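# Structural overview for review
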Amino acid sequence: MNRNAATFALIVLSVLIFLPTVFSSNVVLAQSSNYSIQSVEHNIEVLFSGHVVIRDEIKVSGSLTNGFLIGFPSAFSNSVLEVVAYDNDQAFLVDTGVSFGQSGFYGARVNFNGSNPSSFTVVFVLSNSLITQDAGYYLLQYPAYPSFAVNAGSCSVTLSLPAEPDVISISKSDGTINSTAYSKTNLAAYTNIEAKAAFGITYGLLQLNTISNLERIVTIDPAGSITCADSYQIRN
């Protein structure tokens, strides 16, 4: 009985010694980074079709050899149609739907393939499912800020609508504003904040159509002339 107790105590002691090493290693992996974010311009543009284009213009310092992680609350993941990244000279590959290291996020990783830009842009194109109408106003849900794996020095946000709104109110967990622009200093890593904008613009200016199918036929005749015919299936 004493031998079994001694063996059990030895196993427990080994586990207790090992666990802090594991936890310490996980913390380092989650927080380590070779770059810092100086500033980001978070631009949300609503197109006439109701689709939403989120354009994040980011300035960084340090090394981006391991890529760059960016995202937003997972509530918007089903609305993502396309993600692209680029700087003044080239486009970069983007892996979408990647793990963000924490739950509740939709993540994308930008791969720079040996480049190390000090500024670049990441664009998310979202469907028009984020806009609804209620009592004569349009309601838009969107990520109030971008989500990063590290802190950002400053974040300025601009909401661009198809026309100047007669009235606007943007509600989010860190405050409500009545303007299409706001900012935040020291944006914390893993910020997960949704915003809801209620605004009034000319009725009918937004056409919330969905193109469910597009068929293109390209014809080249013997003389070398080229004609294109597009057939659309539109759901309004």
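Higher on the page you've got the structure.
Notes on the structure follow. (Residues numbered from 1 in each chain as written. Predicted model: local features only at pLDDT ≥ 70, side-chain atom pairs only at ≥ 80, totals over all residues. Heavy atoms only, no water.)

Okay, the sheet that holds strand β2 (residues 52-62) next. With mixed pairing, 10 strands are arranged side by side in an open sheet as β10-β3-β6-β5-β4-β7-β2-β1-β11-β14. Every other strand in the sheet has two partners, leaving β10 (147-148) and β14 (181-187) as the edge strands with one partner each. Across eight bridges, the pairing between β2 and strand β7 (residues 119-126) is antiparallel. What sits directly across from lysine 59, in β7, is serine 119. (Pairing = 2+ DSSP bridges. Helix = DSSP H or I, 4+ residues; strand = E, 2+ residues; numbered from the N terminus.)

The topology assignment puts serine 79 in the loop between β3 (68-73) and β4 (80-86). With residues near it in sequence (within four places) discarded, serine 79 still touches Val125, Leu126, Ser127, Ser129 and Leu130. (Contact = heavy atoms within 4.5 Å.)

Two strands pair when backbone bridges link them, and strand β1 (residues 35-46) and β2 are joined in this way by 11 bridges, in the antiparallel orientation. In the sheet register, glutamate 45 faces β2, and the bridge partner there is valine 53. Taken together, β1 and the strand that follows it, β2, pair antiparallel across an intervening segment of five residues, in which glycine 50 is found at a positive phi of about 90 degrees.

Next up on the list: the pattern of salt bridges. As enumerated under the stated definition, the model contains four salt bridges in all. Here aspartate 174 makes a salt bridge to lysine 172, at a shortest N to O gap of 3.1 Å. A salt bridge links arginine 216 to aspartate 230, with the nearest nitrogen and oxygen atoms 2.7 Å apart. Of the two residues, arginine 216 is situated in strand β16 (residues 210-220) and aspartate 230 in strand β17 (residues 226-235); the sequence distance between them amounts to 14 residues. Note on aspartate 230: relative accessible area 29%, which makes it partly exposed. (Salt bridge = Lys/Arg side-chain N within 4 Å of Asp/Glu carboxyl O. Buried < 20%, exposed > 50% of the residue type's maximum accessible area, 1.4 Å probe, protein only.)

For the rest of this paragraph, the subject is the sheet that holds strand β12 (residues 167-172). The strand order across the open sheet formed by five strands is β8-β9-β15-β12-β13, and the pairing between neighbours is antiparallel. A single partner strand is all that each edge strand has here, and the edge strands are β8 (131-134) and β13 (175-177). Here the average twist between neighbouring strands, direction ignored, is 20 degrees. Pairing of β12 with strand β15 (residues 194-200), which is carried by six bridges, proceeds in the antiparallel orientation. Bridge pairing in β15 places isoleucine 170 opposite alanine 197. (Axes fitted to C-alpha atoms, helices over the stretch in contact; angles between N-to-C directions.)

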